Amino acid sequence: MTANFTPLITALEDAPILNNELCRVFHGRGHSVEELSHINLDFYPPSLFLVSYDEIDEQTLNELTSTLWQWAQQHQPELISSLVYQQRAGVQSQNTVVYGQLPNQHVVSENGIKFLVDLQSRQNTGIFPDMRSGREFVAANSKHAKVLNLFSYTCGFSLAAMQGGADHVMNMDMSKGVLKVGKQNHQLNGFERGVSFLPHDILKSFGKLKKAAPFDLIIVDPPSFQKGSFILTKDYQKVLRRLPELLCDTTQLLLCANSPELSEEDFKALINEHTQGAIEFVERLAPTARFIEVDSNKSLKALIYKTSQLND
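Residues numbered from 1 in each chain as written. Predicted model: local features only at pLDDT ≥ 70, side-chain atom pairs only at ≥ 80, totals over all residues. Heavy atoms only, no water.

### Quick notes on the side chain of Asn40
So, step 1. Note on placement: Asn40 falls in strand S2 (residues 39–44).
So, step 2. Note on Asn40: relative accessible area 4%, which makes it buried.
So, step 3. Ignoring sequence-local partners within four residues, the contact set of Asn40 consists of Arg24, Phe26, His27, Gly28, Arg29, Phe49, Leu50, Val51 and Tyr53. (Helix = DSSP H or I, 4+ residues; strand = E, 2+ residues; numbered from the N terminus. Buried < 20%, exposed > 50% of the residue type's maximum accessible area, 1.4 Å probe, protein only. Contact = heavy atoms within 4.5 Å.)

### Details of the nonpolar core
So, step 1. Ranked by size, the top nonpolar core spans 35 residues in total, and within it Tyr44, Val138, Val147, Ile219 and Leu254 carry the most contacts.
So, step 2. Among the secondary structure elements, those contributing two or more residues to this core are strand S3 (47–52), strand S7 (113–116), helix H3 (132–140), helix H4 (156–163), strand S11 (215–220), strand S14 (247–257) and strand S16 (301–307).
So, step 3. With residues near it in sequence (within four places) discarded, Val147 still touches Ser142, Ala161, Ala166, His168, Val169, Met170, Phe215, Leu217 and Ile219.
So, step 4. Among the nonpolar cores identified, the runner-up in size contains 31 residues, and Ala213, Tyr236, Ala278 and Tyr305 belong to it. (Core = buried A, V, L, I, M, F, W, Y, C linked by side-chain atoms within 4.5 Å.)

### Observations regarding the sheet that holds S16
So, step 1. Read from one edge of the open sheet, seven strands run S10-S9-S8-S11-S14-S16-S15, paired in mixed fashion. Across the chains shown, the open sheet's two edge strands, defined by having one partner strand only, are strand S10 (195–198) and strand S15 (279–284). Across the sheet, the mean angle separating the axes of adjacent strands is 20° when strand polarity is ignored.
So, step 2. Along the sheet, helix H8 (residues 264–275) makes contact with S14, S15 and S16, crossing S16 at roughly 30°. (Pairing = 2+ DSSP bridges. Axes fitted to C-alpha atoms, helices over the stretch in contact; angles between N-to-C directions.)

### Thoughts on the layout of surface pockets
A probe as big as a water molecule, rolled over the atoms, marks out the empty space that is left.
So, step 1. Of the volumes computed, that of the second largest pocket is approximately 210 Å³.
So, step 2. Contributing elements (two or more residues each) for the lining of the second largest pocket: strand S1 (23–27) and H3.
So, step 3. Here the lining of the second largest pocket gets three residues from one element, more than from any other, and that element is H3.
So, step 4. Looking at the lining of the second largest pocket residue by residue, the class counts come to six nonpolar, three polar and six charged. (1 Å grid on protein atoms, 1.4 Å probe; cavity = no way out; pocket = protein on both sides within 12 Å on 5 of 7 lines; lining within 4 Å. Points joined across faces, edges and corners; volume = space filled by probe spheres on them. Nonpolar A, V, L, I, M, F, W, Y, C, P; charged D, E, K, R; others polar.)

Below you can see the structure in the form of structure tokens.
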């Protein structure tokens, strides 16, 4: 076995694969193993999902995928029945089923919640494994809550809120396609009452949100960059400025940013400047397990805020 791949095999041996749940196996992007900092490996039962952010030559890729597959067949053949490779260098990502076959309807679970995923045709799979700790926070803080989920994507936070006993969740995303998957996710889990799906541009729809306010829990998890609609470093402040209109006295907020260029302190400064004292910082959520980061400023930032007590 090529020595460079040893950390991947060690990670496979340590990963909670027996739980048969979505998990990160190896987080190369955290730079804990510099020569593999372009590689991530996830387990989307029953598939290993290998991602490279740099181009890998054919011989090295064959060695790498063969090494991973041999381990899977030797150690967990009942749980791992396919391996998918995503080449993410350049503008367009390419996904290839290297070994085995994917399920027709691919459903993975996390803390008892089911999610539809797609490892073949899209860059994003339908769920972000690094946000598990955020979903756990939402589930733990949604009892009888009215929840607003902005940039909802396929509504993972909404599923967590419903599991946690929310009275109502409003999901907003400008993409009808991801909201359609979000609806299917809710049907899959039997969460069909008390949920709404609004296919609107958030930056142009605060009138609708203000009418529905106040909310007990607000989640803001935008893309770092979405061509033609949202650029985190330019547009986040537009959302922040309007948040004070949506609060009650006890609102909690989960404000997220996944941009290596934005440090935690800069993110906090941005929030403070544009919410003008309406909310106060509580804590930064600990990273999801197995997302080891050498520099926490470059990693996902999931910050908890609440309505400022100075407003009482």
